[in-house]
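# Structural overview
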Amino acid sequence: MFFIDTIETEGLGNRSYLAGGAATAAVVDPPRDIDRVIAAAAARGVRISHVVETHVHNDYVTGGLDLARLTGAAYLVPAGARVSFARTPVADGDTVAVDDGIALRALATPGHTPHHTSYALEEHGRVAAVFTGGSLLIGSVGRPDLVEPRLTEELARAQHASAHRLAAELPDETAVLPTHGFGSFCSASRSAGGDATTIGKEKSVNDALVKDVDRFVSDLLAGLEDVPAYYAHMGPANAAGPDPVDLSTPPLADAADIAARLAAGEWVVDLRSRIAFAEGHVAGSFNFEAEGKIATYLAWMIPWGKPVTLLAESPAQLAAAQRELVRVGLDRPAAAATGTPRDWIPKGRGPRSFPRATFAHLADRAVPGTRDGRGTGSPTVVLDVRRDSERAGGWIAGSVHIPVHDLHRRLTEVPPGTVWVHCAGGMRAAIAASLLDAAGRDVVAVDDSFDAAAEAGLPLTDGDRYR
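Our subject in this report is the structure included herewith. Position numbers for residues count from 1 along each chain, tracking the sequence in the order it is written. The predicted origin of the model limits local features to residues at a pLDDT of at least 70 and limits the giving and counting of side-chain atom pairs to 80 or more, whereas totals for whole chains, interfaces and linings rest on all residues. Side-chain measures were taken over the full set of non-hydrogen atoms in the model, leaving aside hydrogen atoms and water.

One bridge is not enough; two strands pair if DSSP finds at least two bridges between them. By the criteria applied, helices consist of DSSP H or I runs no shorter than four residues and strands consist of E runs no shorter than two, each listed in order from the N terminus. Taken together, the five strands give an open sheet; going across it, the order is S7-S8-S9-S10-S11, and neighbouring strands pair in mixed fashion. Two strands in the sheet have a free side with no partner beyond their single neighbour: strand S7 (95-99) and strand S11 (175-178). Direction aside, the axes of adjacent strands within the sheet are offset by 25 degrees on average. Across seven bridges, strand S8 (residues 102-108) lies against strand S9 (residues 117-123) in antiparallel orientation. The partner of Leu107 across the bridge, within S9, is Ser118. Here an angle of 0 to 180 degrees is reported between the N-to-C directions of two axes, which are lines fitted to C-alpha atoms, with helices fitted over the stretch in contact.

The following block contains the structure:
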């Protein structure tokens, strides 16, 4: 009897898999922090015999090479992928035995990348599941624009063909087990299809399987959003062969060290909650909540190679953030500190702070925590830091729009005045507020669901009409 264990990497919206039988197992698309994979194998009491990649990843650094070297497993990589290390090349139709009666069969499924390969898990010749990587996702497909802009349309058409191949060759009851698509920016669209699916279900709901190729390609390309900037570094790192992970504690910084690093132009990142940060923080520091999508947004926004110092409320919070960051190639913080702002600020200086508000406060222009509730009296600027696709559904009339991942490069475009910054829920607004605060702007962080904007009576528009 086979088993399949799912290893979640929620911050990046990805899944890896441990699949095998009584004695041995294969790992599909392993994360960078391979200790989680090794623990899963130990819990099953199996030896890792194969490490399998569906493609050279663009959204995270793989732990595949390190895992294969550590365990002595065969490292299976699509034959068409150009890599700089020894591996077992896999071509369409190749089959490898994983355990007694359990095998993986390679299926060429180009589209997400030119060399993308899916793997059907077979038990005594019967297909039970298919590991689809960035090919067929739950209600969607992997985006085709991450390799080379000139190949995007060609790869989109290949995605359509690959999805149809899987649908035609695999039984309807086959479980579809993708790597991407659980919040990953590698997914071509956001799906509401849940977290489990089969070939049969996808035949009735997946655009790649219900639309003709021309309509599918047109809609797919029209819906593609910005690519996180760090993706440009992931493919080359994976093709070169990533180094093993070092999760040891970084050098510890005191208040003087932190001040010196800020003065040198380095990034100092406060991992505490947005509530705690707004109440008091080191002047010039940025807030990327450890409980948010820190790997995605910090890696997206920080100039690549810029030293970063992490400020955490506890060693556990620091360790968790380090683990998140190594998954996207931010391997070693320059320094770190734990505690509270009073531990991080030189004597004689005070913390910075800014107010948090709701959309109801914005409608009344009432700033919480001020003596008269009315703030400084300077002009009000409403800054929307949501993505383009989110704003297309409606926005506050008169608001300025700069997606949060662009804000650090476009701060000068924010008009003068007190900036009320909002997103869809509060996390990205907090990041943006910290950037504006560090730049010396008066800012109010709207920590509220955008659904509340209409309820508060704020005028919304979609460009054609008010509502």
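Attention now moves to the pattern of salt bridges. Here a salt bridge means any side-chain nitrogen of Lys or Arg lying within 4 Å of a carboxyl oxygen belonging to Asp or Glu. Within this structure, the stated rule accounts for 36 salt bridges. Note that Glu169 is salt-bridged to Arg165, the shortest N-O span being 2.9 Å. Note that Glu169 and Arg165 are positioned in helix H3 (residues 152-169) at a spacing of four residues, about one turn of the helix. Assessed through its relative accessible area of 42%, Glu169 is described here as partly exposed. Relative accessibility thresholds used throughout: buried, under 20% of the residue-type maximum; exposed, over 50%; partly exposed, between the two (1.4 Å probe, protein chains only). On the accessibility criterion, Arg165 (22% relative accessible area) is partly exposed. The salt bridge involving Arg428 is made with Glu390; its shortest N-O contact spans 2.8 Å. Of the two residues, Arg428 sits in helix H16 (residues 427-438) while Glu390 sits in helix H14 (residues 388-391), which places them 38 residues apart along the sequence. Look at Arg428 and you get buried, because its relative accessible area is 9%. Each of Asp33, Asp35, Arg36, Arg323, Glu324 and Arg327 takes part in one network of salt bridges that share partners.

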